[in-house]
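What follows is each chain in one-letter form.
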Amino acid sequence: RVPIKTDCEISFKKHYTQKGKTTTIPEFITITGAQNTIDSISYVLTDKVTKSDISTNIEEKITLLTIPNVTYSQEYTTLKIETEQLTGAERTSVIGVKNLPANIEITLFPKQVKFTYEVGLSRYEESLKDNFGFFVDYNATKDGSNFLEVKATTIPDYIENLNFTPQRVEYIIE
């Protein structure tokens, strides 16, 4: 018994995204053949599936790629991909400072970033509870500039099209 692995190249229509993971039904199949051959097989791959401008769920029967001298319990699997609309959100976050020595204080202007992003409707409420991280690096003060670049960190993997402002902040070291 081995898992089925999909070979998918999927792109979505503007303002749509994938909801959850790509799945196959069944997820596993039984293979038979010479013992030394089947022992070296860790999964069975599907035919390549290429779709673009997707805005509706996909449920499609696809062929499994054959492996010489190996038989499968079935030759097909059903590919399932759920889609959902994206929605926008806008929030603010305090800018953190990395590598700040204990004996130094730094004041940033401004102290917060305003950021926007898109998220699938099913995860919108979750995105409002998640912590997003933005920071500047104290070590960059050594280059003589009056500005520090703001960088994004701790961004949930389901977030799309993240934008934030300002990209740079002024600072005073006290």
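Before reading further, recall that the structure is shown in the block above.
Residues numbered from 1 in each chain as written. Predicted model: local features only at pLDDT ≥ 70, side-chain atom pairs only at ≥ 80, totals over all residues. Heavy atoms only, no water.

Considering the pattern of salt bridges
Note that side chains of opposite charge can pair when their charged atoms are close. Overall, the coordinates contain 6 salt bridges when judged by the stated rule. One salt bridge connects lysine 51 with glutamate 60, and the closest N-O pair in it is separated by 2.7 Å. For the salt bridge of glutamate 59 with lysine 80, the shortest nitrogen-to-oxygen distance reads 3.9 Å. Of this pair, glutamate 59 sits in strand 6 (residues 58-63) while lysine 80 sits in strand 8 (residues 76-98); the two residues are 21 residues apart in sequence, bridging distant segments of the chain. Looking at glutamate 59, the relative accessible area reads 59%, which means it is exposed. A single network of salt bridges, built from pairs that share partners, joins Asp7, Glu9 and Lys48. (Salt bridge = Lys/Arg side-chain N within 4 Å of Asp/Glu carboxyl O. Helix = DSSP H or I, 4+ residues; strand = E, 2+ residues; numbered from the N terminus. Buried < 20%, exposed > 50% of the residue type's maximum accessible area, 1.4 Å probe, protein only.)

Some points on the nonpolar core
If you look at the biggest cluster of nonpolar residues, it comprises 19 residues, and the most contacted ones within it are Leu108 and Val150. Looking at this core, the element that brings in the most residues is strand 10 (residues 112-120), giving 4 residues. Not counting residues within four places of it along the chain, the set of residues in contact with leucine 108 comprises Ile95, Val97, Val136, Leu148, Val169, Glu170 and Tyr171. Judged by nonpolar contacts, the second largest core, of 10 residues, contains Val2, Ile4, Ile31 and Tyr72. (Core = buried A, V, L, I, M, F, W, Y, C linked by side-chain atoms within 4.5 Å. Contact = heavy atoms within 4.5 Å.)

Quick notes on the pairing of strand 8
For strand 2 (residues 16-25) and strand 8, the ladder comprises 7 bridges, and the chain directions are antiparallel. Looking across to strand 8, one finds that threonine 23 is bridged to lysine 80. The pairing of strand 6 with strand 8 spans 6 bridges and is antiparallel. Looking at the pairing, lysine 61 lines up with threonine 78 of strand 8. With 9 bridges connecting them, strand 8 and strand 10 associate as antiparallel partners. Residue alanine 89 lies in a different strand from strand 10, and its bridge partner there is tyrosine 117. Taken together, the 4 bridges between strand 8 and strand 11 (residues 133-137) define a ladder with parallel strand orientation. For lysine 98, the partnering residue across the bridge sits in strand 11 and is aspartate 137. (Pairing = 2+ DSSP bridges.)

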